Amino acid sequence: MDKQVGESWTLAGRNFTSRLLLGTSRYPDPQTMLDAIQASGAEIVTVSIRRISLHDASGEGLLDILPPELTILPNTAGCQTARDALLTAQLAREALETDWIKLEVIGDDRTLFPDVEHTVRAADELIRDGFQVFAYTNDDPVTCRKLADLGCAAVMPLGAPIGSGAGLRNPYNLRIIREQLPHTPLIVDAGVGTASDAARAMELGMDGVLLNTAVAEARQPVVMAEAMRLGIEAGRLAYAAGRIPQRLYARASSPLEGLVGT
């Protein structure tokens, strides 16, 4: 494999260099958010249409302070049915003039796990309506394949529950998903807690990582944003390099042939 860090990759027909997608909520203040985005190198940021005011009383809102060069990926966070997600996506398209949508349909308020049935149904309808769908889902290879077969712009299996910081709970499933969907953009979404989690996701062959809480609620969000950037770059390099196979027993790194006395 000859892919290297710094190469462009394609999402929904557009080329990007950064493989880190960053959320815009939970930061202590707007300036910290902006500094973290810059430190992360992210080119795509997510915004929740249902949970933000596009403009405040002064006429300035989140979208007014975000750098214009960023690509905005609106999401359907907070939706619990396919119908809610469809209405939210249509609102996002009208308000932001974009056909990109990160699809989230939550099936349980405590775990925030996705509702698979409603997610697949909503993805199907949104794609037929002309949306570029980035589908958040569980780490089930069957569900991921269904979403890919529908034509999702990216499939986004979770690493762990949203906001948990638990890391990658099931790396084996992520490996299977990568092997079964070699041509589908795969982005780990949710559960990343620190840079090593992001690096691990990339080492498994994921195309990118979307995170929010791990940066926004770190003691030093801007420093953590840079750490995430470096972790993703290192993980991508390691994946491209091709790791050695894991072995149960030792294998000498120095050759045994020609030793003195043999």
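Predicted model only: the values in this text are computed from it and were never measured.

Novice: When you look at the packing of helix α7 (residues 195–203) against helix α9 (residues 221–241) in this model, what are you seeing that I'm missing?
Specialist: Each packed pair of helices is defined by two parameters, the angle between the axes and the distance between the axes. In contact at an axis separation of 7 Å, α7 and α9 are set at 25° when each is read in the N-to-C sense. In terms of orientation, α7 lies roughly parallel with respect to α9. For the crossing formed where α7 meets α9, the hand is right-handed. Along the contact surface, α7 presents A195, A198, A199, M202 and E203, while α9 presents A227, M228, G231, I232, G235, R236, A238 and Y239.

Novice: I would appreciate a short explanation of the packing of helix α3 (residues 82–96) against helix α4 (residues 116–128) in the present structure.
Specialist: Where α3 contacts α4, the two axes come as close as 8 Å, and the packing angle between them is 35°. With respect to the hand of their crossing, α3 and α4 are arranged in right-handed fashion. Contact residues: A82, A85, L86 and A89 in α3; H118, R121, A122, E125 and L126 in α4.

Novice: How should unusual backbone geometry be read in this particular structure?
Specialist: With the exception of glycine, most residues fall at negative phi, and the peptide bonds are largely trans. The phi dihedral of L112 is positive, around 60°, even though this residue is not glycine. Structurally, the position occupied by L112 is in the loop between β6 (100–103) and α4. In this structure, A190 is a non-glycine residue whose phi angle is positive, near 95°. Within the element layout of this structure, A190 appears in the loop between β9 (187–189) and α7.

Novice: Please clarify how the pattern of salt bridges should be interpreted in this entry.
Specialist: A side chain of one charge can pair with a side chain of the opposite charge when the charged atoms of the two come close. Using the criterion set out here, one finds 9 salt bridges in the structure. Where R93 meets D129, a salt bridge forms, and the shortest distance between an N and an O atom there is 2.8 Å. Here the residue R93 occupies a position in helix α3, and D129 occupies one in the loop between α4 and β7 (132–137), the gap between them amounting to 36 residues. Classification of R93 by relative accessible area gives partly exposed; the value is 27%. Classification of D129 by relative accessible area gives partly exposed; the value is 36%.

Novice: Sorry, what's going on with the pairing of β7 here?
Specialist: Regular strands show a simple pattern: their side chains alternate between the two faces of the sheet. Most of β7 is tucked away: 5 of the 6 residues are buried. In this fold, the crossover linking β6 to β7 by way of α4 has right-handed handedness. In this structure, β7 lies alongside strand β8 (residues 154–157), joined through 4 bridges in parallel fashion. Across the sheet, A135 pairs through a bridge with V155, a residue of β8. Remark: the β7/helix α5 (residues 141–150)/β8 crossover connection has right-handed handedness.

Novice: What should I look at first to understand the layout of surface pockets in this one?
Specialist: Here the idea is plain: a probe the size of a water molecule rolls over the atoms and shows the empty space left. Estimated volume of the second largest pocket: approximately 460 Å³. Around the second largest pocket, the lining comprises 15 residues; the ones closest to its centre are R175, R200, E203, L204 and R243. At 5 residues, helix α6 (residues 171–180) tops the list of elements feeding residues into the lining of the second largest pocket. Here the residues of the lining of the second largest pocket are counted per class, giving 7 nonpolar, 2 polar and 6 charged.

Novice: Looking at this structure, I do not really get the packing of aromatic side chains. What am I missing?
Specialist: Any two aromatic rings considered together are summarised by their centre-to-centre distance and by the angle between their planes. Counted according to the given criterion, the structure contains 2 aromatic pairs. Summarising the aromatic geometry, the rings of W100 and F134 are spaced 4.9 Å apart at their centres and angled 40° between planes, so their arrangement reads as tilted. Placement of the pair is W100 in strand β6 and F134 in strand β7, with a sequence separation of 34 residues. Note on accessibility: W100 and F134 belong to one class, buried. Among the aromatic residues, ring-to-ring pairing joins F16, W100 and F134 into one connected group. In this structure, R14 packs its charged tip against the face of W100, placed 5.6 Å from the ring centre.

Calculation notes
Sequence order as written defines the numbering, with residues in each chain counted from 1. Restriction of local features to residues with pLDDT of at least 70 applies here, the model being predicted, together with a cutoff of 80 or more for giving and counting side-chain atom pairs; totals for whole chains, interfaces and linings are based on all residues. Hydrogen atoms and water are omitted, and side-chain values are computed over all heavy atoms in the structure. Structural elements are reduced to axes, namely lines fitted to C-alpha atoms, with helices fitted over the stretch in contact, and the angle between N-to-C directions of any two is expressed from 0 to 180 degrees. Strands are runs of DSSP state E lasting at least 2 residues, helices are runs of H or I lasting at least 4, and numbering of each runs from the N terminus. Here the angle decides the label: under 35 degrees means roughly parallel, over 145 means roughly antiparallel, 65 to 115 means roughly perpendicular, and every other value means oblique. Left-handed is the label given to a crossing in which the near helix is rotated counterclockwise from the far helix by less than a right angle, and right-handed is the label when the rotation is clockwise. Any two residues whose heavy atoms approach within 4.5 Å are treated as being in contact. One speaks of a salt bridge when a side-chain nitrogen belonging to Lys or Arg is within 4 Å of a carboxyl oxygen belonging to Asp or Glu. For every residue, the accessible area obtained with a 1.4 Å probe (protein chains only) is divided by the maximum for its type, and the residue is called buried under 20%, exposed over 50%, and partly exposed between those limits. Classification remark: right-handed applies to a crossover when, strands pointing away from the viewer, the course from the first strand over the helix to the second runs clockwise. A pair of strands counts as paired when DSSP detects no fewer than two bridges linking them. A 1.4 Å probe that fits into a set of points on a 1 Å grid over the protein atoms alone but cannot get out defines a cavity; an open set with protein on both sides within 12 Å along at least five of seven lines defines a pocket, and lining residues are those with an atom within 4 Å of a point. Grid points are joined across faces, edges and corners, and a volume is the space filled by probe spheres set on the points. All residues other than Ala, Val, Leu, Ile, Met, Phe, Trp, Tyr, Cys, Pro, Asp, Glu, Lys and Arg, Gly among them, are scored as polar; the first ten of these are nonpolar and the last four charged. The pairing test for Phe, Tyr and Trp rings, Trp by its six-membered ring, is centres within 6.5 Å, and the orientation test on the planes gives stacked under 30 degrees, edge-to-face over 60, and tilted for anything in between. Over a ring means this: the NZ of a Lys or the CZ of an Arg is within 6 Å of the ring centre and within 35 degrees of the ring normal.

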